[in-house]
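Take a look at the letters that make up each chain.
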Amino acid sequence: MNPDALFYQGLVGLTNAMYLWLVAAGLTIAFGVLKIINFAHGSLYMIGAYLAFSLYGQMGLGFGLSLLLATVSVGLLGLALERLLFRPLYNLDITYGLILTFGLVLVSADLVRIVWGGVFLIPPTPDALIGSFRVFGRAFSYYNTFVIVAGLAVGAGLWLLLDRTWWGRTVRATASDREMAGALGVNVGWVYASVFVLAAGVAALGGALSIPVRVVTPGLGTTLIIEAFIITVIGGLGSLRGAFLGAIIVGLANAYGVLLFPDVALFLIYGIMALVLLVKPEGLLAGAR
């Protein structure tokens, strides 16, 4: 195998990893603080993609503005869901959250079919990001480069937000001991709400970024959430660094699996997950923020 082809495929895998990272990051943030496994998190990704499609592909708004509006809109939707549906579940067994979020997956898929229809949708690539450059003798698009940079920037931003700000310290304290945080005057309810808004917004940003290169369909969220759960299992539930590492592993495994082992590419990431569960069941970076 040509080494240039291997390096190029690694860039393709890194691009896919950034989409997965944005979904897994929100899922990890929500679980790390709220202790709820949100199976409907992929639906927020899907709604972000559809909103960005409408704003950019149909209404003709700028791509950057469409990303912002889709992210904020889904963040506000996340706030409504947290206040109305998730808040009563915080003191209940985790299975109640799984049942609720599975129902939300079904409802959201039908809602997007009603609003946008069931056909595949894909808008054009923004003019500023059309084209490609040569890497290892092959064309690599400007848009894929933009996605990689955006994913890394979001990762750095989340780290700064959660590790270097007063709000991040408050969130970590609340996640560690909710009762003690409340006794010290922290408004635990609004901390939970803000965390859910952040998680929903990050997922929506991932969906909005995907629209020029990925087909938007009502089943998009289900496909992504399965891979996101695999990522969080590999990296460790509740660990952002683990989610980032897991996304890189899954993205590269998918890319190299298609190139080198096409007959078993579909099962490769499941094999990696099974291996991690056997060797380190808590995840590779469990306990790391």
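Throughout what follows, the structure given in this document is the object of discussion. None of the values given here were measured: they were computed from a predicted structure.

Thresholds applied
- Residues numbered from 1 in each chain as written.
- Predicted model: local features only at pLDDT ≥ 70, side-chain atom pairs only at ≥ 80, totals over all residues.
- Heavy atoms only, no water.
- Helix = DSSP H or I, 4+ residues; strand = E, 2+ residues; numbered from the N terminus.
- Buried < 20%, exposed > 50% of the residue type's maximum accessible area, 1.4 Å probe, protein only.
- Contact = heavy atoms within 4.5 Å.
- Salt bridge = Lys/Arg side-chain N within 4 Å of Asp/Glu carboxyl O.
- Axes fitted to C-alpha atoms, helices over the stretch in contact; angles between N-to-C directions.
- Left-handed = near helix turned anticlockwise from the far one by under 90°.

## So, the environment of Ala40
Alright, step 1. Structurally, Ala40 can be placed in the loop between helix 1 (3-34) and helix 2 (41-58).
Alright, step 2. Judged by relative accessible area, which is 7%, Ala40 ranks as buried.
Alright, step 3. Contacts of Ala40, omitting those with residues within four sequence positions, involve Thr101, Leu104 and Val105.

## Quick notes on the pattern of salt bridges
Alright, step 1. Applying the stated rule across the entire model yields 4 salt bridges.
Alright, step 2. In this structure, Asp163 engages Arg172 in a salt bridge whose closest nitrogen and oxygen atoms are separated by 4.0 Å.
Alright, step 3. With its nearest N and O atoms 3.9 Å apart, the salt bridge here joins Arg178 to Glu179.
Alright, step 4. Among the residues examined, Arg178 registers a relative accessible area of 26% and is labelled partly exposed.
Alright, step 5. The exposed category is assigned to Glu179, whose relative accessible area is 56%.

## Considering the packing of helix 1 against helix 5 (residues 142-163)
Alright, step 1. Interhelical geometry of helix 1 versus helix 5 gives an angle of 35° and a closest axis separation of 9 Å. Considering the relative orientation of helix 1 and helix 5, their crossing is left-handed. On helix 5, the residues touching Leu11, Leu14, Thr15, Met18, Tyr19, Trp21, Leu22, Ala25 and Ile29 of helix 1 are Tyr143, Asn144, Val147, Ile148, Gly151, Leu152, Val154, Gly155 and Leu158.

These results come straight from atomic positions and should not be treated as a statement about function.
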